[in-house]
Amino acid sequence: MKILEVKTLAIPEIKIIKYARFNDERGYFTETFKRSDFDTNPDLSFLKDLAFVQTNESHSVKNVIRGLHFQWNPYMGKLVRPIRGHLIDLALDIRKNSPFYGKIIAYDLLAKPEMNCNEWIWLPPGFAHGVFFLEETTIEYSCTGEYSPTCEVGISPLAPDIDWSLCDPNLKNIFDEVKKNAILSPKDAAGLTLAQWTTDDRSSNFKY
């Protein structure tokens, strides 16, 4: 991979990895993952020795909101990138005693064939993950744990007690517009509030 930049977001465990695409009149070529880079690049030390055991692809139409999902036993970190389209990624801190507990941040991700770069966002265990889509979009995400439906919970992305104070105000405004016509699965729409999760015994699985 040709790594162009690694940056830290407002919650420092959330990282962005920007990597190059090589374009010509035929289209483009890129390396989206190379194990040796993840193990030896000092800027990617947070990924060193992690094993990605499952890769998923998801396609969504405009105004879909997915999430906020998380699991334990096994814990699951996610490395997410757009293949094509436009999404905003959401990360909610659910680690007990974290100074960021209950706070959510957002990051704008865009992928078009003519672009000369793309980005991964890294979300380690301890964060509830969601996405919402500004156009028809395909994403890929690689996971450090296999899906475990018996150890999965969701917090509703519409929960009124989520703290948006760290989120970019422009992205929060976009979310507020999208949710007026949002498309959610019944499961996601019925997700817990933050208060319900905080008092749930299972929340002790996630600690700072």
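Everything below is about the structure shown above.
Conventions adopted
- Residues numbered from 1 in each chain as written.
- Predicted model: local features only at pLDDT ≥ 70, side-chain atom pairs only at ≥ 80, totals over all residues.
- Heavy atoms only, no water.
- Helix = DSSP H or I, 4+ residues; strand = E, 2+ residues; numbered from the N terminus.
- Rg over C-alpha atoms; globule rule 2.2 N^0.38 Å.
- Buried < 20%, exposed > 50% of the residue type's maximum accessible area, 1.4 Å probe, protein only.
- Contact = heavy atoms within 4.5 Å.
- Areas by Shrake-Rupley, 256 points an atom, 1.4 Å probe, with all protein chains shown as cover.
- Lys, Arg positive; Asp, Glu negative; His and termini not counted.
- Charge placed at Lys NZ, Arg CZ, Asp CG, Glu CD.
- Phe/Tyr/Trp six-rings, centres within 6.5 Å; stacked < 30°, edge-to-face > 60°.
- Lys NZ or Arg CZ within 6 Å of the ring centre and 35° of its normal.

A closer look at the overall build of the chain
Regarding its fold elements, the chain presents four helices and 12 strands. Computed over the C-alpha atoms, the radius of gyration of the chain is 17 Å, within 12% of the 17 Å expected from 2.2 N^0.38 for a compact globule of 208 residues. In terms of overall dimensions, the chain has C-alpha extents of about 55 × 40 × 30 Å along its principal axes. Out of the 208 residues in the chain, the part that is buried amounts to 48%. Considering only contacts within the chain whose residues lie at least 6 apart along the sequence, 80% involve residues at least 24 apart. Just so you have it, the chain exposes about 10,000 Å², and 50% of that area is on carbon and sulfur atoms. Side chains of the chain carry 24 positive and 28 negative charges; the gap between the two charge centres is 1 Å.

Thoughts on the packing of aromatic side chains
Counted according to the given criterion, the structure contains 12 aromatic pairs. Where Y75 meets F206, the ring centres are 5.5 Å apart and the plane angle is 85°; that geometry is what we call edge-to-face. A residue pair is termed long-range when its members are at least 10 positions apart, and Y75 in the loop between β6 (65-71) and β7 (78-93) and F206 in the segment after α4 (194-198) qualify at 131 residues. Clustering of aromatic rings is evident, with ring pairs tying together F70, W72, Y75, W197 and F206. Cation over ring: K15 sits above F46, and NZ or CZ is 5.7 Å from the ring centre.

Looking at the environment of K172
Secondary-structure assignment places K172 in helix α2 (residues 169-178). You can call K172 buried: its relative accessible area is 19%. Along the chain, K172 and D200 lie 28 residues apart, while their C-alpha atoms are 27 Å from each other. Apart from residues no more than four positions distant in its own chain, K172 is found in contact with W164 and C167.

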